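# Survey of secondary and tertiary structure
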Amino acid sequence: MSDIPETMDAQVIREHGDPEVFESATLDVPEVDANEVLVEVAATSVNPVDTKIRSGFASGLCPDFPAVLHGDVAGEIVAVGEGVDEFAVGDEVYGCPGGLAGTTGALAEYAAADAATLAHKPDSLSMREAAALPLVTITAWDGLVTRADVSPGESVLVHGGTGGVGHVGVQIASLEGGVVHATASTDEKRALAEELGADHAFDYRRDVADYTDEYTDGEGFDVVFDTVGAGADNLGNDFAAAGVKGRVVTTVSRGEADLDPVHSKGLSVDTVFMLLPLIHDDHAGRLRHGEILDRVATLVDEGDIVPHLDDTDYTLDEIGDAHRRLEAGEHVGKITVRVKD
Ligand SMILES: NC(=O)c1ccc[n+]([C@@H]2O[C@H](COP(=O)([O-])OP(=O)(O)OC[C@H]3O[C@@H](n4cnc5c(N)ncnc54)[C@H](OP(=O)(O)O)[C@@H]3O)[C@@H](O)[C@H]2O)c1
């Protein structure tokens, strides 16, 4: 522990509000408890939940003020707590251990992390690339593998095919053997979705009956994975696009929809909430996250999953701009933030 300083630079919030609420602070380096490691943070990425915690929309998830936000982290282990056998000082890791009430976040030079939530970083990725993956990849894995259990040959519709969750979802659905259909708003994004493995890509503003006819002969999709988010009220479109006994999985269920198609088509409707093991101190759930990231690291190094980084490169001091860009919906793929040069 001798090279570890007592204090560190961080970006914190002391109240909820617009991105201007971020401020620089000097904090004590976190203590490492049993089963935790101390990570020297190299990079983090922005997820909508980070912006929702900052703004106060999801204030219930916020760490105590002054709060260090952000779950996704990539970095190097500089200390290990009692009971940690699977990692050693010097290991490069990635994961989504915190940024929530009761945990420390990644917008700081050091973060304490439950070792269960981490995995060794894919060798083929930079720290920024690795930091782009954890939260969205666990979400897409839970949605398409654990919940929908996509089988080879099934038709899969991924709404938001170039967003954070969706761009990994397209790749996972394709790896599972699905015939993948991705929605996106521009030609450029649709081309990206196809590059990532979508068999077809189209505009989500098209009439649902029209694209369901074109791509499934009117039968409807076997699986619909909705990563659109709050405000779009997309569940009705999901139900309309799904075929008889189709499976609909969503990352956000805030909104209203008529459940009649669920009944008349015998749909199954499921949700993913990847933060649950972190919020509820669920050790088995946290271990599962680490295991998914282990498996994903192999897939990444074999070239089967590629993170798509937004064409921006923020530093820790520019965190407000990074949040502004995500909230404006100007990004493609993942916005990343360098913490260590
Ligand atoms: N429950 C969970 O565990 C969990 C985990 C991760 C994320 N989430 C939530 O899931 C949502 C997405 O997260 P993200 O990181 O993927 O965000 P993101 O990077 O902002 O992606 C959102 C995507 O939605 C697309 N979109 C917007 N309106 C649409 C519509 N009407 N129909 C189809 N697609 C539409 C956007 O496409 P265009 O850019 O082409 O408009 C974009 O690709 C957020 O609300 C987030 O909080 C939940």
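All residue numbers here refer to positions counted from 1 along the written sequence of the relevant chain. Thresholds applied to this predicted model are a pLDDT of at least 70 for local features of residues and 80 or more for the giving and counting of side-chain atom pairs; totals over whole chains, interfaces and linings are not thresholded and use all residues. Side-chain figures throughout are based on the complete set of non-hydrogen atoms in the structure, without hydrogens or water.

## Comments concerning empty space enclosed by the protein
Here a cavity is any set of points on a 1 Å grid over the protein atoms alone where a 1.4 Å probe fits but cannot get out, and a pocket is any open set with protein on both sides within 12 Å along at least 5 of 7 lines; a residue lines the site when it has an atom within 4 Å of a point. Grid points are joined across faces, edges and corners, and a volume is the space filled by probe spheres set on the points. The final tally for this structure, using the stated rule, is 2 cavities of 30 Å³ or more. What the largest cavity holds in volume is close to 80 Å³. Lining of the largest cavity is provided by 14 residues; of these, Asp233, Asn234, Leu235, Val252 and Arg254 occupy positions nearest its centre. Following the grouping adopted for this structure description, the nonpolar residues are Ala, Val, Leu, Ile, Met, Phe, Trp, Tyr, Cys and Pro, the charged ones are Asp, Glu, Lys and Arg, and the polar ones are all others, Gly among them. Here the lining of the largest cavity is built from residues that sort into 5 nonpolar, 5 polar and 4 charged.

## Notes on the packing of aromatic side chains
Stacked, edge-to-face and tilted are the three classes for Phe, Tyr and Trp ring pairs, Trp counted by its six-membered ring, which pair at centre distances within 6.5 Å; planes under 30 degrees apart are stacked, over 60 edge-to-face, the rest tilted. Applying the stated criterion across every chain yields a total of 2 aromatic pairs. Considering the side-chain rings of Phe202 and Tyr211, the 4.5 Å spacing of their centres and the 40° angle between planes classify their relative orientation as tilted. Neither residue differs from the other here; Phe202 and Tyr211 are each classed as buried. Buried means the residue's accessible area, taken with a 1.4 Å probe over protein chains only, is under 20% of the maximum for its type, while exposed means over 50%, and partly exposed covers the values in between. Since its relative accessible area comes to 2%, Phe202 is described here as buried.

## Digging into a nonpolar patch on the surface
Together, Phe273, Leu276 and Ile279 give the surface a local cluster of nonpolar side chains, amounting to about 250 Å² of exposed area. In DSSP terms, a helix is any run of H or I states spanning at least four residues, a strand is any run of E spanning at least two, and both are numbered starting from the N terminus. Mapped onto the fold, Ile279 is located in helix 9 (residues 276–279). To count toward a patch, a residue needs a relative accessible area above 30% and no salt bridge. Like charges then connect within 9 Å, nonpolar side chains (Val, Leu, Ile, Met, Phe, Trp, Tyr) within 5 Å. The accessible surface values rely on the Shrake-Rupley method and a 1.4 Å probe; as for residues, cover is taken only from the protein chains in view. What makes a salt bridge here is a side-chain nitrogen of Lys or Arg within 4 Å of a carboxyl oxygen of Asp or Glu, nothing more.

## Some details on the site of the ligand
Around the ligand, the surrounding shell holds 25 residues, and the nearest of these are Lys52, Ser185, Lys189, Tyr204 and Val272. The definition of a polar contact used here is a pair of N or O atoms within 3.5 Å, where within protein one atom must be able to donate a hydrogen and the other to accept one, and adjacent residues in sequence count solely through side-chain atom pairs. Taking Gly163, its main chain carries an N or O atom lying 3.1 Å from an oxygen atom of the ligand. At 2.7 Å from an oxygen atom of the ligand is found a main-chain nitrogen or oxygen belonging to Met274. In isolation the ligand offers 930 Å² of accessible surface; the protein chains occlude 84% of this area. Among the detected pockets, the ligand sits in the largest pocket. Among the residues forming the shell around the ligand, the class breakdown is 11 nonpolar, 12 polar and 2 charged. Three or more residues apiece are contributed to the shell around the ligand by two domains, here domain 1 (7–133 + 275–338) and domain 2 (135–271). Residues are labelled near a given molecule or strand when at least one of their non-hydrogen atoms is within 4 Å of it. Any molecule with more than half of its atoms within 2 Å of a cavity's or pocket's grid points is regarded as sitting in that cavity or pocket. Note that the domain bounds were set by an automatic or database domain assignment.

## What to know about the packing of helix 3 (residues 134–147) against helix 10 (residues 283–301)
Packed helix pairs are characterised by how far apart their axes lie and by the angle those axes make with each other. One can describe the packing of helix 3 onto helix 10 by two numbers: an axis separation of 10 Å at closest approach and a directional angle of 95°. It follows that helix 3 is roughly perpendicular to helix 10 by the angle criterion. Only Arg288, His289, Ile292, Leu293, Arg295, Val296 and Leu299 of helix 10 make contact with helix 3, whose side of the interface consists of Pro134, Thr137, Ile138, Trp141, Asp142 and Thr146. Taken together, the residues of the contact of helix 3 with helix 10 break down into 7 nonpolar, 3 polar and 3 charged. Helix axes are fitted only over the stretch in contact, all axes being lines through C-alpha atoms; the angle between N-to-C directions runs from 0 to 180 degrees. We call two directions roughly parallel when the angle between them is under 35 degrees, roughly antiparallel when it is over 145, roughly perpendicular when it lies between 65 and 115, and oblique otherwise. The contact criterion used is simple: two residues touch if any of their non-hydrogen atoms lie within 4.5 Å.

## Quick notes on the pairing of strand 6 (residues 110–114)
The buried fraction of strand 6 is high, at 5 of 5 residues. Across the two faces of strand 6 the burial is the same, with Tyr110, Ala112 and Asp114 and Ala111 and Ala113 all buried. Strands pair, by our definition, only if DSSP identifies at least two bridges between them. By the bridge criterion, 5 bridges tie strand 3 (residues 36–45) to strand 6 in an arrangement that is antiparallel. When the sheet's bridge partners are listed, Glu36 is paired in strand 6 with Asp114.

## Section: the environment of Ala119
Following the sequence through the fold, Ala119 ends up in strand 7 (residues 118–120). As a C-alpha pair, Ala119 and Arg295 span 176 residues in sequence and 9.0 Å in three-dimensional space. Here Ala119 is in contact with Phe87, Glu92, Val93, Tyr94, Gly290, Leu293 and Asp294, once residues within four sequence places are set aside.

## Regarding the domain arrangement of the protein
Along its sequence, the protein is organised into domain 1 (7–133 + 275–338) and domain 2 (135–271). For domain 1 versus domain 2, the distance between C-alpha centres works out to 27 Å. Contact residues are listed per partner, giving 24 residues for domain 1 and 18 residues for domain 2. Between domain 1 and domain 2 lies a buried interface of about 1800 Å² when both sides are counted; carbon and sulfur atoms form 69% of it. In short, buried area is how much 1.4 Å probe accessible area vanishes from two parts on joining, totalled over both. Looking at the side of domain 1 facing domain 2, the largest losses of area belong to Leu133, Ile292 and Val332, adding up to 23% of the total buried there. The interface formed by domain 1 and domain 2 contains 1 salt bridge. For the salt bridge of Arg288 with Asp142, the shortest nitrogen-to-oxygen distance reads 2.5 Å. The tally of links between domain 1 and domain 2 comes to 9 residue pairs in polar contact (both at pLDDT 80 or more). Within the side of domain 1 that touches domain 2, the residues separate by chemical class into 14 nonpolar, 5 polar and 5 charged.

## Comments concerning the layout of surface pockets
The computed volume of the largest pocket comes to approximately 1500 Å³. Around the largest pocket sit 49 residues that line it, and Pro48, Lys52, Thr227, Val228 and Gly229 are the ones nearest its centre. For the lining of the largest pocket, the elements supplying multiple residues, two or more each, are helix 1 (48–55), helix 3, helix 4 (164–175) and helix 11 (319–328). When residues in the lining of the largest pocket are grouped by element, the largest group, 4 residues, is from helix 1. For the lining of the largest pocket, the class distribution of residues is 23 nonpolar, 21 polar and 5 charged.

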